[in-house]
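# Secondary and tertiary structure notes
Here is how the chains run, residue by residue.
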Amino acid sequence: MTEFICEEFVRRYLLSHNYTKTLAALDAESSSDSLSDCFQPSLIVERINRAISDLDSEALDRIWKSLNDCFGSTLNQQNSERFESLKAYTYKTLLIEAMKTKQIGYVNNFFSTQVAFDLTSSTWTNWTVLPFTKDPQNHQLFARYFVKNWTDVLTISLCNFLCVLFSSLPMVSNTEPSTGSLSASDDNQLSQSRSNLAIVDDFADLPLARSSK
């Protein structure tokens, strides 16, 4: 509710000063905002997981662009690196989901058309062999993504990191519940994140070699 009221004040101000071009730009950006009405870490992660399961790389692009627009300029070096790392993990998980269903063409198309990553970087340089790997679930580089609890670990890591990001936002005092406020579970995670902003590598203990049956 609070966010809606603030947006209405901004719109009225722009209209009263005849800033029509600025208002048009606001409307255009608002319509493409993948995080509108979704300022809850758990809901954002839900959208990320849905994009992965649907093999919707464009939806994933929009979500990460919105997150970058919101927080990119405020991240310190450690959190910026963590941001890029988690972003890469989500795209890699999407590619593995495509491989599980034998959609080799989708994977090839991703590598030939994507512009979000530098494929010559150390993060991606070995991944271009994925569509040509006979049994990726047994390959040292890809095996961890086939482990049964991989998605759970990724989900927890994303939630934890988003809670850290939201905890860095200025706190707004509300006299009534807001539809955009954090859920109870997110609020608990947020409190823990405020007490310890150092981010743990949630992937450190994940099995590397065995795929789920």
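Residues numbered from 1 in each chain as written. Predicted model: local features only at pLDDT ≥ 70, side-chain atom pairs only at ≥ 80, totals over all residues. Heavy atoms only, no water.

The protein chain goes by LisH domain-containing protein in an unreviewed UniProt entry, where it is assigned to Rodentolepis nana. The UniProt entry for the protein chain carries the following text under Sequence similarities (unreviewed entry): "Belongs to the WD repeat WDR91 family." (UniProt positions renumbered as here; feature names shortened; annotations may be inferred.)

Looking now at the packing of aromatic side chains. What the rule picks out here adds up to 14 aromatic pairs. Between Phe110 and Trp124, the aromatic rings sit 6.1 Å apart at their centres with planes inclined by 40°, giving tilted as the arrangement. With Phe110 in helix α6 (residues 104–113) and Trp124 in the loop between α6 and α7 (150–167), this residue pair connects regions lying 14 residues apart in the sequence. Trp124 matches Phe110 in its accessibility class, with the two residues each being buried. In textbook terms, an aromatic cluster arises when at least three aromatic residues are bridged by ring pairs, as seen for Tyr89, Tyr91, Phe110, Phe111, Phe117, Trp124, Trp127, Phe142, Tyr145 and Trp150. Against the face of Phe117 rests Lys87, its NZ or CZ located 5.3 Å from the ring centre. Lying across the ring of Trp124, Lys92 places its NZ or CZ 5.4 Å from the centre. (Phe/Tyr/Trp six-rings, centres within 6.5 Å; stacked < 30°, edge-to-face > 60°. Helix = DSSP H or I, 4+ residues; strand = E, 2+ residues; numbered from the N terminus. Buried < 20%, exposed > 50% of the residue type's maximum accessible area, 1.4 Å probe, protein only. Lys NZ or Arg CZ within 6 Å of the ring centre and 35° of its normal.)

Turning our attention to the packing of helix α5 (residues 77–100) against α6. Interaxial distance between α5 and α6 falls to 8 Å at its minimum, and their mutual angle equals 150°. Considering their axes alone, α5 and α6 lie roughly antiparallel with respect to each other. Once α5 is placed against α6, the crossing between them reads as left-handed. Every residue of α6 that contacts α5 at Tyr91, Leu94, Leu95, Ala98 and Met99 is listed here: Ile104, Tyr106, Val107, Phe110 and Phe111. Counted by class, the contact of α5 with α6 contains 10 nonpolar, no polar and no charged residues. (Axes fitted to C-alpha atoms, helices over the stretch in contact; angles between N-to-C directions. Parallel < 35°, antiparallel > 145°, perpendicular 65-115°, else oblique. Left-handed = near helix turned anticlockwise from the far one by under 90°. Contact = heavy atoms within 4.5 Å. Nonpolar A, V, L, I, M, F, W, Y, C, P; charged D, E, K, R; others polar.)

If you check which residues of α6 are buried, you get Tyr106, Val107, Phe110 and Phe111. Angularly, the buried residues of α6 cover 130° about the axis, an arc narrow enough to put them on a single face. Turned more than 90 degrees from where α6 packs its buried face, Gly105 and Ser112 sit exposed. Its buried side turned inward, α6 meets α4 (57–71) and α5. (Arc of directions from axis to C-beta.)

Our focus in this paragraph is the environment of Leu162. Relative to the assigned elements, Leu162 resides in helix α7. Sequence spacing of Leu162 and Gln40 is 122 residues, and the spatial spacing of their C-alpha atoms is 8.6 Å. Once residues lying within four places of it in the same chain are set aside, the contact partners of Leu162 are Pro41, Ile44, Val45 and Leu67.

With that settled, the discussion passes to the packing of α4 against α5. The relative placement of two packed helices comes down to the angle between their axes together with the axis-to-axis distance. Contact pair α4 / α5: the axes reach a minimum separation of 11 Å and the direction vectors enclose 170°. It follows from the interaxial angle that α4 and α5 lie roughly antiparallel. Each of Ser57, Leu60, Asp61, Trp64, Leu67 and Asn68 in α4 lies in contact with α5, whose residues at this interface are Phe83, Leu86, Lys87, Thr90, Tyr91 and Leu94. Residues of the contact of α4 with α5, tallied by class, amount to seven nonpolar, three polar and two charged.

Let us now look at the side chain of Thr133. Checked against the element boundaries, Thr133 lands in the loop between α6 and α7. Separated by 2.8 Å, the side chain of Thr133 and the backbone oxygen of Val129 make a polar contact. The contact partners of Thr133, leaving out residues within four places of it in the chain, are Met99, His139 and Phe142. (Polar contact = N/O pair within 3.5 Å; in protein donor to acceptor, adjacent residues only side chain to side chain.)

Core analysis: the biggest nonpolar cluster contains 42 residues, and Trp64, Leu95, Trp124 and Trp127 have the highest contact counts within it. Going through the elements one at a time, α3 (41–53), α4, α5, α6 and α7 are the ones with two or more residues in this core. Looking at this core element by element, the count peaks at 10 residues for α5. Apart from the residues within four sequence positions on either side, Trp64 is in contact with Ile48, Phe83, Leu86, Lys87, Thr90, Tyr91 and Leu158. (Core = buried A, V, L, I, M, F, W, Y, C linked by side-chain atoms within 4.5 Å.)

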